[in-house]
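So you can see what is in the structure, the chains are spelled out below.
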Amino acid sequence: MSKEGVLTIMKRTLLILTMFTAVLFGCSSDRPMYELYRSFPDKTWHRFNILQFEIPVKSNPNPFNVIFFARHTRDYLYDSLAFNMIMKTPAGEEMIREVHVRVKNSQGAFIGTFAGDSCEITTYLKKDMIINKDGKLVIELENLIPRMENPGLCGVGIRLEKP
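Computed from a predicted model, the values in this text were never measured in an experiment.

*Asks:* Is there a simple way to think about the sheet that holds strand β4 (residues 80–88) in this case?
*Replies:* Hydrogen bonding along the main chain pairs the strands of a sheet, whether they run parallel or antiparallel. Here we have four strands laid out as an open sheet, ordered β2-β7-β4-β5, and antiparallel in their pairing. Edge positions in the sheet fall to β2 (51–57) and β5 (94–102), since each of these pairs with one other strand and no more. Within the sheet, the average angular offset between the axes of one strand and its neighbour, ignoring direction, is 20°. Across nine bridges, β4 lies against β5 in antiparallel orientation.

Put into structure tokens, the structure is as follows:
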């Protein structure tokens with residue numbers, strides 16, 4: 001076989017492996033449909049810093065979950081993370097809820113596993129949500145910890161995932 005023939009076979013093999021890898025990872029159900037994260041440069045969520053997430057959505061009969069996640073360090077002082085959530089759909093529906101996410105167990109140990117110097121906690125804001133109008137899903141989060149600063153919090157985010 002000539003050198004050109006070997007190169008052609010190698011190129012085809014590489015192309016097939018690349019396509020297989022793209023399909024394998026592209027179809028992974030573990031990947032969120034959408035994720036938006038706001039980091040806190042000084043690892044502190046200041047009391048009156050209201051966060052707003054605007055997520056573009058399309059009308060779709062398939063449900064999805066809206067998930068809140070936060071990354072914290074061992075410097076986080078409280079047993080839970082409390083915040084007020086206001087969610088507005090493109091159709092004009094509005095959901096208001098006070099949320100408390102456990103960060104530590106009853107013995108004071110952190111829930112979850114630290115990867116490096118931070119740990120991620122999650123909770124559902126809305127399960128099996130269906131969007132019936134194109135537009136933006138707007139989520140506002142207001143820190144309810146009664147101190148001016150909430151140290152040890154790297155950032156917070158919103159994920160949309162298939163159930």
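*Asks:* How should I be thinking about the nonpolar core in this particular structure?
*Replies:* In globular proteins that are soluble, nonpolar side chains generally tend to be buried together. With 32 residues, the main nonpolar core has V66, F68, F83, L125, I139, L141 and V156 as its most contacted residues. The set of elements that each furnish at least two residues to this core consists of β2, β3 (60–72), β4, β5, β6 (119–131), β7 (135–143) and β8 (153–161). Take this core: its biggest share by element is five residues, from β4. Those residues within four positions of F83 in sequence are excluded, and the remaining contacts are W45, F68, R97, E98, V99, V101, L125, L141, E142, N143 and L144.

*Asks:* Just to check I follow, could you spell out the pattern of salt bridges for this structure?
*Replies:* Within this structure, the stated rule accounts for five salt bridges. With a shortest N-O distance of 2.5 Å, R159 and E35 are connected by a salt bridge. Here R159, found in strand β8, pairs with E35, found in strand β1 (residues 34–39); they are 124 residues apart in sequence, far enough to count as distant. When its relative accessible area of 37% is taken as the criterion, E35 is described as partly exposed. Bridged by salt links that share partners, the residues E35, R71, E120 and R159 form one connected network.

*Asks:* In this structure, what is going on with the sheet that holds β6? I would like to understand it.
*Replies:* Taking strand neighbours across the sheet as the criterion, the four strands line up as β1-β8-β3-β6 in an open arrangement whose pairing is antiparallel. Two strands close off the open sheet at either side, each with one partner strand: β1 and β6. Across the sheet, the mean angle separating the axes of adjacent strands is 15° when strand polarity is ignored. Relative to β8, β1 runs antiparallel, the two being bridged by six bridges. For R38, the partnering residue across the bridge sits in β8 and is V156.

Reading the values: the criteria
- Residues numbered from 1 in each chain as written.
- Predicted model: local features only at pLDDT ≥ 70, side-chain atom pairs only at ≥ 80, totals over all residues.
- Heavy atoms only, no water.
- Pairing = 2+ DSSP bridges.
- Helix = DSSP H or I, 4+ residues; strand = E, 2+ residues; numbered from the N terminus.
- Axes fitted to C-alpha atoms, helices over the stretch in contact; angles between N-to-C directions.
- Core = buried A, V, L, I, M, F, W, Y, C linked by side-chain atoms within 4.5 Å.
- Buried < 20%, exposed > 50% of the residue type's maximum accessible area, 1.4 Å probe, protein only.
- Contact = heavy atoms within 4.5 Å.
- Salt bridge = Lys/Arg side-chain N within 4 Å of Asp/Glu carboxyl O.

Remember that the coordinates give geometry; whether it matters functionally is a separate question.
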